[in-house]
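Inside the fold
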Amino acid sequence: MSKASGASALWGGRFDRRPSPLMERLNASIDFDKRLWRHDLAGSRAHARMLAAAGILTADECAAILAGLDTIAGEIESGTFAFDPALEDVHLNIEQRLTDLVGEPGRRLHTARSRNDQVATDFKLFVRDAIDRADALLRPLQAILIDRAETEAATVMPGFTHLQAAQPVTLGHHLLAYVEMFGRDRERFADARRRLNECPLGAAALAGTGFAIDRHHTAAALGFERPTANSLDSVSDRDFALDYLSAAAIAAVHLSRLAEELVLWSTPQFGFVTIDEAYATGSSIMPQKRNPDAAELLRGKTGRVLGDLQALLVALKGLPLAYSKDMQEDKEPVFDAVDTLELGLEAAHGMIATARFDRPAMARAAGVGFTTATDLADWLVRVLGLPFRTAHGVAGRAVKEAEHRGCGLEELPLEVLQGLEPGVTQEVFEVLGVERSVASRTSLGGTAPARVREAAAAARARFLEAG
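In short, a report on the structure. In this text the structure is predicted, and so the values were computed from the model without any measurement.

It is worth spelling out the overall build of the protein chain at this point. Scanning the protein chain from N- to C-terminus turns up 19 helices and 6 strands. Here the C-alpha atoms of the protein chain give a radius of gyration of 31 Å, more than 25% beyond the 23 Å that 2.2 N^0.38 yields for 467 residues. Along the longest, intermediate and shortest principal axes, the C-alpha atoms of the protein chain span 105 × 50 × 40 Å. Within the protein chain, the proportion of its 467 residues that are buried is 48%. Excluding contacts between residues fewer than 6 apart, the proportion of contacts in the protein chain whose partners are at least 24 apart in sequence is 72%. For the protein chain, the computed accessible surface area is about 22,200 Å², with 53% contributed by carbon and sulfur atoms. Placing the 52 positive and 64 negative side-chain charges of the protein chain at their respective mean positions leaves the two points 2 Å apart.

Okay, here's the thing in structure tokens:
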């Protein structure tokens with residue numbers, strides 16, 4: 001047996017012995033990167049066709065390779081493909097199986113490429129697909145929020161700052177806020193997709209290749225806009241993964257904020273919403289419990305996505321150009337974030353679609369906490385011409401008086417209000433009801449039901465019908 005035969009079949013010419021079993025376990029990535037198999041096959045098909053067009057492969061060799069890759073695709077889809085950890089990763093597993101199937105042409109496929117540009121290409125293809133799926137899940141989530149907002153355009157509820165009752169708003173207005181958030185998420189994903197859409201294939205290990213290849217050919221075949229411009233950057237770059245993780249982390253935070261409100265609103269103390277049983281669980285000891293576990297899990301799993309972004313940032317922060325094995329740690333955080341975000345988006349859609357909002361409970365809560373105090377101050381400015389700071393002080397004293405009496409602002413006697421500001425008339429009570437308060441908020445982006453309906457229609461056109 002030759003010295004090399006005891007070493008790895010990939011780089012055995014340089015080494016006399018195989019790595020230790022511990023090193024093989026540390027080095028292997030097949031357990032997680034095998035999910036790139038579709039992208040690896042796509043890249044290999046494009047590379048083979050380019051090599052044939054450049055005269056580096058014969059037509060027969062290219063045909064044999066393509067047929068072999070099709071066979072491998074069928075084996076993986078049927079579950080009969082045997083992934084071998086000894087072959088480290090998905091790329092070598094496929095290459096070895098191709099060589100087993102077609103012989104010498106399989107050994108020629110790796111001409112003018114390296115695993116460095118190969119994995120960068122595969123990973124970009126995966127992330128691009130993940131971006132497209134994220135958009136495809138965000139869009140219907142926006143759609144159901146818009147639908148519910150239109151239905152609840154006039155449903156009055158308390159608006160909060162500091163989680164203290166602030167001013168009355170409408171539920172439709174509140175739901176449309178999340179439509180805007182998820183719209184920005186879609187923009188971030190679209191921007192990330194535009195930026196990643198350059199093909200690394202053909203950069204080889206780090207310096208390019210001496211073969212007369214056509215990188216524009218492979219880029220076009222794989223749906224990229226152009227080849228990458230610098231071979232060092234091509235194999236070193238993981239910005240596209242960071243871009244995805246950044247957008248995913250912000251989207252997950254938005255999901256978490258929505259989930260937190262559903263958790264709060266579903267408590268008996270709020271009583272604003274009932275989470276459908278399909279997204280709730282019970283208790284093993286307390287028969288009355290109806291726990292909003294889907295929302296809680298959305299809130300909790302956000303930490304995973306934030307951690308995935310941090311993990312990759314830390315892995316990359318100290319790396320010199322070009323490729324280092326640390327970069328093998330890029331995939332698991334992205335895979336985890338992809339799975340977590342996609343599950344969360346589906347769950348959020350299901351919860352919003354089936355949630356039952358309690359309009360009377362929301363209306364009752366809308367006036368608690370003197371939420372029309374600002375309306376009183378605005379009336380004093382608008383009708384009596386008081387400076388706003390003066391009016392603010394009058395309204396504050398009115399709140400204090402109502403607290404002392406244990407009543408709402410609208411229940412204060414006229415003479416009490418006139419004692420605070422002599423110019424007050426009976427007409428002031430027209431602005432102290434929560435329905436009148438929300439109806440008056442007609443500025444662009446405001447909570448008035450008419451504005452909410454307009455905003456819902458505009459959001460539908462902007463996010464669901466445009467393009």
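Back to the text.
This paragraph deals with the pairing of strand 1 (residues 156-161). Taken together, the 6 bridges between strand 1 and strand 2 (residues 164-170) define a ladder with antiparallel strand orientation. Of the residues in strand 2, the one forming a bridge with V156 is T170. The antiparallel hairpin formed by strand 1 and strand 2 contains 2 residues in its connecting segment, where H162 sits at a positive phi of about 60 degrees.

Let us look at a nonpolar patch on the surface. Taken together, the side chains of L206, L232 and L321 define a hydrophobic patch exposed on the protein surface, amounting to about 270 Å² of accessible area. Residue placement: L232 occurs in helix 10 (residues 231-236).

Looking now at the packing of aromatic side chains. Here the structure, examined in full by the defined rule, presents 9 aromatic pairs. Each ring, one from F123 and one from F335, has its centre 6.4 Å from the other, and the planes form 85 degrees; the classification is edge-to-face. In this pair, F123 is assigned in helix 7 (residues 115-151) and F335 in helix 13 (residues 331-354), connecting sequence segments 212 residues apart. A centroid spacing of 4.9 Å and a plane angle of 70 degrees characterise the contact between F126 and F335, whose relative ring orientation is edge-to-face. Residue F126 is found in helix 7, and its partner F335 is found in helix 13; the two are separated by 209 residues along the sequence. The buried category is assigned to F126, whose relative accessible area is 4%. Residue F335 is classed as buried on the basis of its relative accessible area, which comes to 4%. In textbook terms, an aromatic cluster arises when at least three aromatic residues are bridged by ring pairs, as seen for F123, F126, F240 and F335. We note R35 situated over the ring of F335; from NZ or CZ to the ring centre the distance is 4.7 Å. Here the guanidinium or amino end of K331 rests over the ring plane of F123, the centre of that ring lying 5.5 Å away.

What follows deals with the pattern of salt bridges. A full pass over the atoms with the stated rule returns 31 salt bridges. Of the charged contacts, one joins D185 and R188 as a salt bridge, the two residues approaching to 3.1 Å between their closest N and O atoms. Within this pair, D185 and its partner R188 are both found in helix 8 (residues 171-196), separated by 3 residues, close to a single helical turn. Overall, D185 belongs to the buried group, its relative accessible area being 0%. R188 sits in the partly exposed class, given a relative accessible area of 29%. R299 is paired through a salt bridge with E260; the nearest N and O atoms lie 2.5 Å apart. Separated by 39 residues along the polypeptide, R299 in helix 12 (residues 293-316) and E260 in helix 11 (residues 239-265) bring together distant segments of the chain. Here R299 falls in the partly exposed class, since its relative accessible area comes to 32%. Look at E260 and you get partly exposed, because its relative accessible area is 29%. In the salt-bridge network here, residues are joined through shared partners; they are D191, R194, R195 and D243.

The contact between helix 8 and helix 19 (residues 449-465) brings their axes to 10 Å, and the two run at 20 degrees. Judged on the interaxial angle alone, helix 19 and helix 8 are roughly parallel. Regarding helix 8 and helix 19, the two cross each other, and that crossing is left-handed. Residues G172, H173, L176, V179, E180, G183 and R186 of helix 8 form the contact with helix 19, whose own contacting residues are V452, A455, A456, A459, R462 and F463.

In this section: the side chain of N197. The residue N197 is located in the loop between helix 8 and strand 3 (198-199) in this model. N197 sits in the buried class, given a relative accessible area of 4%. At 3.4 Å, the side chain of N197 forms a polar contact with the backbone oxygen of G223. Here N197 is in contact with R128, G223, F224, E225 and R226, once residues within four sequence places are set aside.

Relative to the helices and strands, S236 resides in helix 10. Polar contacts involving the side chain of S236 include one to the main-chain carbonyl oxygen of A322, which spans 3.2 Å. Not counting chain neighbours up to four residues away, the residues in contact with S236 comprise L321, A322, Y323 and M327.

Take the packing of helix 11 against helix 13 next. Axis separation between helix 11 and helix 13 bottoms out at 10 Å; the angle between their running directions is 30 degrees. The element helix 11 and its partner helix 13 pack so that their crossing is left-handed. Contacts between helix 11 and helix 13 involve A241, Y244, L245, A248, A251, A252, L255, L258 and L262 on the former and, on the latter, P333, V334, A337, V338, L341, G344, L345, A348, M351 and I352. Of the residues assigned to the contact of helix 11 with helix 13, the class counts are 18 nonpolar, 1 polar and no charged.

The rules behind the values
- Residues numbered from 1 in each chain as written.
- Predicted model: local features only at pLDDT ≥ 70, side-chain atom pairs only at ≥ 80, totals over all residues.
- Heavy atoms only, no water.
- Helix = DSSP H or I, 4+ residues; strand = E, 2+ residues; numbered from the N terminus.
- Rg over C-alpha atoms; globule rule 2.2 N^0.38 Å.
- Buried < 20%, exposed > 50% of the residue type's maximum accessible area, 1.4 Å probe, protein only.
- Contact = heavy atoms within 4.5 Å.
- Areas by Shrake-Rupley, 256 points an atom, 1.4 Å probe, with all protein chains shown as cover.
- Lys, Arg positive; Asp, Glu negative; His and termini not counted.
- Charge placed at Lys NZ, Arg CZ, Asp CG, Glu CD.
- Pairing = 2+ DSSP bridges.
- Patch = residues over 30% accessible without salt bridge, like charges linked within 9 Å, V, L, I, M, F, W, Y side chains within 5 Å.
- Salt bridge = Lys/Arg side-chain N within 4 Å of Asp/Glu carboxyl O.
- Phe/Tyr/Trp six-rings, centres within 6.5 Å; stacked < 30°, edge-to-face > 60°.
- Lys NZ or Arg CZ within 6 Å of the ring centre and 35° of its normal.
- Axes fitted to C-alpha atoms, helices over the stretch in contact; angles between N-to-C directions.
- Parallel < 35°, antiparallel > 145°, perpendicular 65-115°, else oblique.
- Left-handed = near helix turned anticlockwise from the far one by under 90°.
- Polar contact = N/O pair within 3.5 Å; in protein donor to acceptor, adjacent residues only side chain to side chain.
- Nonpolar A, V, L, I, M, F, W, Y, C, P; charged D, E, K, R; others polar.

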